[in-house]
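Topology and contacts: notes
The primary structure of each chain is shown beneath.
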There are 2 protein chains.
Amino acid sequence: MTQRNTVDTDVSATTKTLKVALLGAGNVGSQVARILLHDADALAARTGARLELVGIAVRNIDSPREVEIPKELFTTDASALVRGADIVIELMGGLEPARTLILEAIDHGATVVTGNKALLAVDGPTLYEKADAAGVQLSYEAAVAGAIPILRPITDSLAGDKITRVMGIVNGTTNFILDAMDTTGAQFADALAEAKRLGYAEADPTADIEGHDAAAKGAIIASLAFHTRFALADVHCQGITSVTATDIAAAKEAGYVIKLLAIAEKIESTDDAGAPTSGVSVRVHPTLLPREHPLGAVRGAFNAVFVEAENAGELMFYGRGAGGAPTASAVMGDVVSAARRLVLGGPGRTDSTIEVLPVLPIQAVSTRYYIGLDAADQPGVLSKIAALFAENGVSIETMRQTVHRDGNVKGGPGSAELRIVTHLAGEAALSATVEAINGLDVINSVTSVLRVEGV
Amino acid sequence: MTQRNTVDTDVSATTKTLKVALLGAGNVGSQVARILLHDADALAARTGARLELVGIAVRNIDSPREVEIPKELFTTDASALVRGADIVIELMGGLEPARTLILEAIDHGATVVTGNKALLAVDGPTLYEKADAAGVQLSYEAAVAGAIPILRPITDSLAGDKITRVMGIVNGTTNFILDAMDTTGAQFADALAEAKRLGYAEADPTADIEGHDAAAKGAIIASLAFHTRFALADVHCQGITSVTATDIAAAKEAGYVIKLLAIAEKIESTDDAGAPTSGVSVRVHPTLLPREHPLGAVRGAFNAVFVEAENAGELMFYGRGAGGAPTASAVMGDVVSAARRLVLGGPGRTDSTIEVLPVLPIQAVSTRYYIGLDAADQPGVLSKIAALFAENGVSIETMRQTVHRDGNVKGGPGSAELRIVTHLAGEAALSATVEAINGLDVINSVTSVLRVEGV
């Protein structure tokens with residue numbers, strides 16, 4: 001056995017102490033408290049300072065907690081706690097009082113670490129500017145994709161490259177539901193019920209299944225990847241509630257898997273005068289991906305962010321997107337960085353604003369589309385449909401017809417199921433095409449219109 | 001269309017200039033030169049300094065290059081170039097003169113960025129110590145897994161967590177070969193020939209296929225993940241040359257895929273006196289992984305590093321592990337970080353040495369094993385084999401027998417193919433078992449012995 005000397009850093013010799021205030025002791029907050037209390041020596045060795053948890057602000061001191069925490073640490077006076085801290089960790093969630101407390105912390109020159117994606121998506125630009133102006137560090141790795149280190153790779157590791165596109169599975173609830181539908185053939189409602197039963201969906205799952213949570217994370221990722229500040233309102237957002245078992249089955253048969261993606265991409269176009277211009281679009285919608293795409297292998301409640309950069313090519317970052325301990329890991333990464341900086345000096349990470357690009361609406365985006373149609377099984381139907389695509393300038397890549405002659409299918413006997421994948425098409429042209437197809441008397445219904453990526 | 005103001009940072013107002021010396025203009029070096037020359041304005045905006053490429057040291061000024069570079073930048077006097085630089089980028093590869101030039105750069109107080117994994121694996125500890133002593137930054141993100149940002153996430157993002165295990169596909173050549181064998185059923189030699197034809201394997205592929213390259217990267221990753229300095233000699237290393245099409249087919253049938261993994265893990269054991277102790281082991285060998293494991297989906301020449309941490313759980317980082325532009329992206333990430341630090345001040349990243357653990361040999365590692373046997377189809381064979389496992393204290397998880405009664409298989413008529421997967425077993429016990437089985441007269445041959453991970 002090769003034996004080497006074990007070097008024990010003499011922690012007791014560390015004189016500096018940093019006062020840490022924790023706001024919130026929920027799922028993530030209680031795990032952060034546990035790490036601060038139990039791993040104090042290791043953290044001191046890593047940072048060169050004792051991280052002293054001076055208090056935990058909660059609404060109700062007597063609420064049951066997942067982790068045993070000494071009672072005397074709890075306080076309901078968050079404001080007093082913030083004023084006495086070197087590092088403030090905000091894990092209360094929601095807009096208020098989180099916003100006011102973060103602003104108080106910035107005013108007092110405290111370093112702030114937050115995992116509050118809702119607040120950052122709504123008010124991020126204001127908070128970043130206040131922090132910059134005060135020369136205070138505001139870190140938020142935990143706000144996007146839980147444990148996955150994604151913000152630091154984007155801002156630091158890829159700082160010498162140019163990101164062209166980011167596609168993320170950033171909501172575990174919807175990925176769990178879509179994965180369950182894909183694996184078991186379940187309908188959306190049944191998969192959602194299962195997700196609730198297993199604790200992957202909240203009692204009110206609206207923010208997840210309507211895509212709002214993914215949109216908030218998409219706005220944060222896009223802001224960093226494209227040095228342009230996005231607000232939630234800039235994100236085109238469509239959830240997964242209308243995705244059916246039939247959509248999933250048809251996608252599967254064609255070699256695709258349906259994922260809810262947050263996509264931020266740089267789009268080159270021309271302005272009104274015909275000059276070349278570029279902008280950034282951020283969108284969240286159910287997307288068909290080839291099953292062999294790296295994002296296609298992201299199962300259950302896991303998250304992953306797929307980045308395309310000019311030089312690096314394709315990168316992917318995968319891990320747990322939620323949960324107390326995983327998210328606490330991301331929070332503590334920020335806390336250790338902040339503490340090292342407070343001990344050793346130095347400017348820390350700053351938001352780069354070298355290239356503020358116009359924010360483009362969904363109409364500026366071209367994608368491939370998958371369209372499912374329930375049509376009459378009559379001669380000439382295909383040519384009528386193909387003609388409408390041509391009239392609207394949308395090019396068809398593949399068109400597949402399955403005729404049902406028995407009564408066991410949705411369209412009934414004599415109906416045909418059509419599945420069309422287009423080449424790149426703009427939203428306006430595609431909408432016009434779908435509207436025109438809907439008006440054909442040989443069409444029973446347009447069963448699905450989904451975007452296709454990753455091919 | 002939402003229009004926002006475009007802010008152009010006034011680059012001309014940036015007064016500071018940093019002199020950058022590039023050593024080597026091969027595949028990666030020429031791409032780094034391209035980025036420094038073509039993206040100078042963007043880099044200035046990101047760092048706050050002009051990055052002036054003052055020269056490129058090469059052996060032969062007239063060699064053909066992949067990128068057009070002004071001739072006057074080339075020099076054969078690397079030493080003079082190093083002495084006049086703020087940032088030295090070493091991309092020559094090999095031990096000398098790279099080592100001497102890096103030491104010269106450190107002596108002159110220049111920040112060093114290198115992608116030289118061979119040098120770091122052999123001499124890393126010396127270089128890190130010299131750099132630390134001189135207060136100089138030595139960065140090497142490009143040395144491991146090409147474009148994939150892995151060192152920064154390990155050292156910074158996971159700084160508040162405890163890594164327990166890292167498993168990496170860190171050699172693109174061997175992953176391409178194994179993936180081709182898995183996909184097409186090809187034999188090793190044919191897959192290697194195809195890899196050479198496509199430029200994924202070098203004319204002399206020894207360093208790749210024997211696992212030496214993966215071992216060097218494993219040593220670097222392990223050093224950072226476990227705050228313990230490993231040299232190449234500490235890594236148990238087995239390549240893929242003995243992996244057969246039969247192994248791959250049998251693995252596939254059982255739901256596994258064979259990957260060459262570099263595995264670094266913390267092992268808890270007891271010392272001679274019975275006290276609990278922990279150490280780290282680093283090993284490289286062909287490994288059976290469940291096909292649904294995230295690393296199982298890493299195809300072709302891509303790389304990925306799978307990290308397990310106490311709080312974060314499972315994380316994976318995926319991307320291109322080689323190639324000029326992808327590796328140049330990683331180099332430039334380090335250069336931009338170094339430049340920001342030189343402009344803004346601050347200590348930069350430092351290696352943490354909070355916990356120097358003993359380096360354990362492969363004998364300290366327990367894994368599951370897959371064993372393939374070609375045996376006589378006689379009554380009592382299974383019980384003889386099972387008895388030998390029991391005698392050596394190796395527990396069998398599954399045992400599967402396929403009897404071949406025709407003459408079209410290796411063992412010939414009357415032979416039986418046995419596939420055994422064990423529970424966790426130590427190397428010594430497993431070796432003794434295999435030796436004993438080999439001595440049985442009913443055994444034609446032991447066709448494979450492979451470790452199983454990820455279950």
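For the structure given in this document, a descriptive report is provided here. Throughout this description, residue numbers start from 1 for each chain and increase along the sequence as written. Lettering for chains starts from A, numbering for ligands starts from 1, and both go in the order in which the items are written. Only residues with pLDDT of 70 or above have their local features reported here, since the model is predicted, and side-chain atom pairs are shown and tallied only from 80 upward, although totals for entire chains, interfaces and linings are computed over all residues.

Some remarks on the sheet that holds strand 5 (residues 111-114) of chain A
Residue and element names in this part refer to chain A. The cut-off we apply is this: Note: two strands are recorded as paired if DSSP finds a minimum of 2 bridges between them. In this text, helices come from DSSP runs of H or I with a minimum length of four residues, and strands from runs of E with a minimum of two, each type numbered from the N-terminal end.
The 6 strands lie next to each other as 3-2-1-4-5-6, forming an open sheet whose pairing is parallel. A strand with exactly one partner marks an edge of an open sheet, and here the two such strands are strand 3 (74-75) and strand 6 (138-139). As paired strands, strand 4 (residues 87-90) and strand 5 are joined by 4 bridges and run parallel to one another. The partner of Ile-89 across the bridge, within strand 5, is Val-113.

Focus on the sheet that holds strand 5 (residues 111-114) of chain B
All names here are of chain B. What counts here: Note on contacts: residues are paired as contacts if their backbone-placed C-beta atoms lie within 7 Å. For helices, the axis comes from a line fit to the C-alpha atoms of the stretch in contact; other axes are also lines fit to C-alpha atoms, and the angle between any two N-to-C directions lies between 0 and 180 degrees.
Strand order across the open sheet formed by 6 strands is 3-2-1-4-5-6, with parallel pairing between neighbours. Each edge of the open sheet is held by one strand with a lone partner, namely strand 3 (74-75) and strand 6 (138-139). Note: strand 1 (residues 17-23) against strand 2 (residues 50-57), 7 bridges, orientation parallel. When the bridges of strand 2 are listed, Val-20 appears paired with Leu-53. Strands in contact with helix 12 (residues 324-344) are strand 1, strand 2, strand 4 (87-90), strand 5 and strand 6; relative to strand 5, the strand with the most contacts, it is inclined by about 170 degrees.

Concerning the pairing of strand 11 (residues 302-309) of chain A
Residues and elements named next belong to chain A. Here is the rule we go by: Three exposure classes are used, based on other C-beta atoms lying within 10 Å of a residue's own C-beta, which is placed from the backbone: buried for 20 or more, exposed for 12 or fewer, and partly exposed in between.
Taken across its 8 residues, strand 11 has 7 buried, putting it largely inside the fold. Sheet analysis places strand 11 next to strand 12 (residues 313-320), joined by 8 bridges and oriented antiparallel. Residue pairing for strand 12: Val-305 is matched across the bridge by Phe-317. If you look at the hairpin formed by strand 11 and strand 12, you'll find 3 residues sitting between the two strands.

Overview of the packing of helix 1 (residues 27-38) of chain A against helix 12 (residues 324-344) of chain A
All names here are of chain A. Heads up, the rule is: If an angle is under 35 degrees, it is roughly parallel; if it is over 145, roughly antiparallel; if it lies from 65 to 115, roughly perpendicular; otherwise it is oblique. In a left-handed crossing the near helix is turned counterclockwise from the far helix by less than a right angle, and in a right-handed crossing that turn is clockwise. Only Asp, Glu, Lys and Arg are considered charged in this grouping, and only Ala, Val, Leu, Ile, Met, Phe, Trp, Tyr, Cys and Pro are considered nonpolar; every other residue, Gly among them, is considered polar.
At a minimum axis distance of 8 Å, the contact between helix 1 and helix 12 shows a crossing angle of 60 degrees. Taken together, the axis directions place helix 1 and helix 12 in an arrangement best described as oblique. Seen from above, helix 1 lies across helix 12 with right-handed handedness. Where helix 1 approaches helix 12, its residues Asn-27, Val-28, Ser-30, Gln-31, Val-32 and Ile-35 are matched on the opposing element by Gly-324, Ala-325, Thr-327, Ala-328, Val-331 and Met-332. Looking at side-chain class alone, the contact of helix 1 with helix 12 contains 7 nonpolar, 5 polar and no charged residues.

Section: the packing of helix 13 (residues 381-391) of chain B against helix 14 (residues 427-438) of chain B
A pair of packed helices can be characterised by two numbers: the angle between their axes and the separation between those axes. All names here are of chain B. Contact geometry of helix 13 with helix 14 gives a least axis separation of 9 Å together with a crossing angle of 150 degrees. The pairing of helix 13 with helix 14 is recorded here as roughly antiparallel in orientation. Crossing handedness for the pair helix 13 and helix 14: right-handed. Contacts between helix 13 and helix 14 pair Ile-385, Leu-388 and Phe-389 from the former with Thr-433, Ala-436 and Ile-437 from the latter. The residue inventory of the contact of helix 13 with helix 14, partitioned by class, reads 5 nonpolar, 1 polar and no charged.

Points about the pairing of strand 9 (residues 256-270) of chain A
Residues and elements named next belong to chain A. Judged by how many residues are buried, strand 9 sits mostly within the fold: 11 of 15 residues are covered. Pairing geometry for strand 7 (residues 163-169) and strand 9, over 4 bridges, is antiparallel. Paired with Val-166 across the bridge in strand 9 is Ala-264. Summarising the sheet, strand 9 and strand 10 (residues 276-290) pair through 15 bridges and their orientation is antiparallel. What sits directly across from Thr-270, in strand 10, is Pro-276. Between strand 9 and strand 10, which pair antiparallel one after the other, the connecting turn spans 5 residues, and Gly-274 there sits at a positive phi close to 85 degrees.

So, helix 4 (residues 98-107) of chain B
Residue and element names in this part refer to chain B. Threshold: By construction, the arc corresponds to the directions joining the helix axis to the C-beta atoms.
Regarding helix 4, the residues found buried are Ala-98, Leu-101, Ile-102, Ala-105 and Ile-106. All buried residues of helix 4 fall inside an arc of 140 degrees around its axis, so they share one side. Residues of helix 4 that are buried sit in contact with strand 1, helix 3 (78-83), strand 4, strand 5 and helix 5 (117-134). Once helix 4 ends, the next one or two residues include Gly-109, with phi positive near 75 degrees.

Thoughts on helix 10 (residues 212-225) of chain A
Residue and element names in this part refer to chain A. Note the following rule: A helix is expected to reach a length of 1.5 Å times the quantity of its residues less one.
The end-to-end C-alpha separation of helix 10 is 20 Å, in line with the 20 Å expected for 14 residues at 1.5 Å each. The buried fraction of helix 10 is high, at 13 of 14 residues. Taken from the residues just after helix 10, His-227 is the one with a positive phi, measuring 55 degrees.

By themselves these figures say nothing about function.
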